[in-house]
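Notes for the structure review
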Amino acid sequence: MKLFRHGIAVLLSFVMALQVAHASPPASPSEKEDGPLVYVMRQGDTLLDISHRFLISPSAIPSVRKLNGIGNDRAIPVGTRLKLPRPLLRYTAEELSVVAVSVPDRIAGRDANLGAAVAEGAVISTGPNGFVSVGGKFGGRFAIPSNSTARVKSARRYVLGNTLDLDIAIEKGRATTQSPRLQRDDRLRLRTPVAVTAVRGTVFRVAYDDAGERNLTEVVEGTVGVQAGASSGIATQGFGIASSRGGVSPPEALLPPPVLREPGKLQSGASVEFVVDPRPGEAGHRVQIARDAGFLDIVLEQVSQTPQVTFPELGDGRYFVRAQAISKSGLEGLSETVTFRRKRLGAKAEAGQSEGGEGYLFQWLSEGSGQTFYAFQMWREGSAGAPLIDETALTATRLELTGLAPATYFWRVAVLQAEPEDGLLKVWGPTQKLTISP
């Protein structure tokens, strides 16, 4: 039990994750927020020298002296672990920029463009179907999905130890973080108005439910610590934590991925459609489409309570899709990623009597782009396996037939395109009925 409590304290102090060598008392909330960095005194060091190298100015020396209980600046033993408050440390701005974007999005009141710099203090706002991913040289990314607002509270690298300090506040909606393994004193945090989530090399999501004033943390990989007021908790891979101003709830297992029916099929229709088999006990599911398998370049998403999920607009290309079940507590579950091809391909077809009235004219209009060929099939009712007409590689968009005997017929038109990547694409339109009376 003592070792368990110690692990919580250390994780939430953002020093290491779970494994430690020596016990230490839990840090206070203020220490968790602004815990000092440590400099080990060497031969010849003075507080004035240290202030020139690592502090914002010599005026910070009295605060350092008071924090460390120093009475004589010239009598600090070699090897002393000198605590230096983070707010007093000299730093350079950590360079962040937009690495993926889908409009309409705003950063610091301006349109977000690919490659745009994201400075400390910037506010990132996304509208419906707007997504922004921000990355930096440290190797991590923050993905801000639609209808969300995030503020960069801190984006700096302290001169002392080249220490990273990133702090992102989620003021509305959600964010997903993909972080590399950080160095000992590096900090990477996502916070909401009610909780702070700290990470060391992991993938996790944070959401803020402003209506219920709740923080939702979901861990995809690794381990994170959550602090809400005086309460704290740890979530490991596959678990989530819901927290509020009243404290942190026990970890909850994330729901398994919902099943997407035929997720990899060619999406050639006017809209992109997926069918989700819901998980037992879920309150709904979120379906997302992205350009990358890591879902840091999301282009579309929907939250639905019904199996059918439809996206009305999506350009041609290869994409990735995933679905996450939403539990009754609001935590979103795990997902499986599948790639699919979007290629608008089809034809609107109709039939009627020819101008002379002696036959029937079948016409179609291609939908989509690219060099297209057509196929045409017709069969008598009850004889689908033995078509009367089976034409392929047609270049015309009409076909006139004469001499059809009175009967009930069925017919359809296919659109064909040759693709270097996918080979021959063939999409049949709906089967239509033609009845010729005696």
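Relevant structure appears above.
Report follows, based on the coordinates. (Residues numbered from 1 in each chain as written. Predicted model: local features only at pLDDT ≥ 70, side-chain atom pairs only at ≥ 80, totals over all residues. Heavy atoms only, no water.)

**Remarks on the side chain of Arg 341**
When you line up the elements, Arg 341 lands in strand E27 (residues 338–342). One polar contact links Arg 341 to Glu 419, side chain to side chain, over a distance of 3.5 Å. The residues contacting Arg 341, other than those within four sequence positions of it, are Lys 265, Leu 266, Gln 267, Gly 317, Arg 318, Glu 419, Glu 421 and Asp 422. (Helix = DSSP H or I, 4+ residues; strand = E, 2+ residues; numbered from the N terminus. Polar contact = N/O pair within 3.5 Å; in protein donor to acceptor, adjacent residues only side chain to side chain. Contact = heavy atoms within 4.5 Å.)

**Let's talk about the sheet that holds strand E23 (residues 284–290)**
Picture the strands of a sheet paired through backbone hydrogen bonds; they go either parallel or antiparallel. Spatial ordering of the open sheet is given by E24-E23-E26-E27, a layout of four strands whose pairing is antiparallel. The open sheet has two edge strands with one neighbour each: strand E24 (298–304) and E27. Each strand of the sheet is rotated relative to its neighbour by a mean of 25°, with strand direction disregarded. (Pairing = 2+ DSSP bridges. Axes fitted to C-alpha atoms, helices over the stretch in contact; angles between N-to-C directions.)

**A closer look at the sheet that holds strand E29 (residues 359–368)**
The three strands are arranged E28-E29-E32 in an open sheet whose pairing can be described as antiparallel. Every other strand in the sheet has two partners, leaving strand E28 (345–353) and strand E32 (398–402) as the edge strands with one partner each. Going from strand to strand, the sheet's axes swing by 20° on average, the running direction of each strand aside. Bridge analysis of E29 against E32 gives five bridges, and the strand direction is antiparallel. Among the inter-strand pairings, Gly 359 is bridged to a residue of E32, identified as Thr 402.

**Focus: the environment of Lys 66**
Within the secondary structure layout, Lys 66 lies in helix H4 (residues 61–68). Counting along the chain gives 269 residues from Lys 66 to Ser 335, while the straight-line C-alpha distance between them is 51 Å.

**Some words on unusual backbone geometry**
One non-glycine residue, Asn 147, lies in the positive phi region at around 55°. Non-glycine residue Phe 295 carries a positive phi angle of around 55°. For Phe 295, the position within the fold is in the loop between E23 and E24. Residue classification places Phe 295 among the buried residues on the basis of a relative accessible area of 1%. (Buried < 20%, exposed > 50% of the residue type's maximum accessible area, 1.4 Å probe, protein only.)

**What about helix H3 (residues 47–54)?**
Residues of H3 that are buried: Leu 47, Ile 50, Ser 51 and Phe 54. One side of H3 carries all its buried residues, which in axial view fall inside an arc of 100°. Where the residues of H3 are buried, they touch strand E1 (37–40), H4 and strand E2 (81–84). (Arc of directions from axis to C-beta.)

**Considerations on the pattern of salt bridges**
With the rule as written, the count across this model stands at 25 salt bridges. Where Lys 343 meets Asp 316, a salt bridge forms, and the shortest distance between an N and an O atom there is 3.9 Å. Taken together, the residues span a long stretch of sequence, with Lys 343 in the loop between E27 and E28 and Asp 316 in the loop between strand E25 (308–311) and strand E26 (317–326) at a distance of 27 residues. Three or more residues are tied together by salt bridges with common partners; here these are Arg 86, Asp 165, Asp 167, Arg 187, Arg 189 and Arg 191. (Salt bridge = Lys/Arg side-chain N within 4 Å of Asp/Glu carboxyl O.)

**A few points about the packing of aromatic side chains**
Applying the stated criterion across every chain, the model contains ten aromatic pairs. An angle of 50° between the planes, with centres 5.3 Å apart, marks the rings of Tyr 39 and Phe 54 as tilted. With Tyr 39 in strand E1 and Phe 54 in helix H3, this pair connects stretches of sequence that are 15 residues apart. Residue Tyr 39 is classed as buried on the basis of its relative accessible area of 6%. Residue Phe 54 is classed as buried on the basis of its relative accessible area of 9%. With 6.4 Å between their ring centres and 45° between their planes, Phe 138 and Phe 142 make a pair best called tilted. The two residues Phe 138 and Phe 142 agree in class, both being buried. Ring pairing ties together the aromatic residues Phe 362, Trp 364, Tyr 374, Phe 376 and Trp 411, which thus form one cluster. One residue, Arg 156, lies across the ring of Tyr 91, its end atom 3.9 Å from the ring centre. It is Arg 412 that lies over the ring of Trp 428; its NZ or CZ is 3.8 Å from the centre. (Phe/Tyr/Trp six-rings, centres within 6.5 Å; stacked < 30°, edge-to-face > 60°. Lys NZ or Arg CZ within 6 Å of the ring centre and 35° of its normal.)

**Things to note about the nonpolar core**
Across soluble globular proteins, nonpolar side chains have a tendency to be buried as a group. If you look at the biggest cluster of nonpolar residues, it comprises 37 residues, and the most contacted ones within it are Leu 96, Ile 107, Val 118, Val 132, Leu 166, Leu 188 and Leu 190. Looking at this core, the elements with two or more residues in it are strand E4 (96–102), strand E8 (131–136), strand E9 (141–144), strand E10 (149–158), strand E11 (163–178), strand E12 (187–191), strand E14 (203–209) and strand E16 (223–228). In terms of residues, this core owes the most to one element, E11, which gives five residues. Here Leu 188 is in contact with Phe 138, Phe 142, Leu 166, Thr 177, Ser 179, Leu 182, Thr 197, Ala 198 and Val 199, once residues within four sequence places are set aside. Leu 345, Ala 347, Tyr 374 and Ala 407 belong to the second largest nonpolar core, which has 22 residues in total. (Core = buried A, V, L, I, M, F, W, Y, C linked by side-chain atoms within 4.5 Å.)

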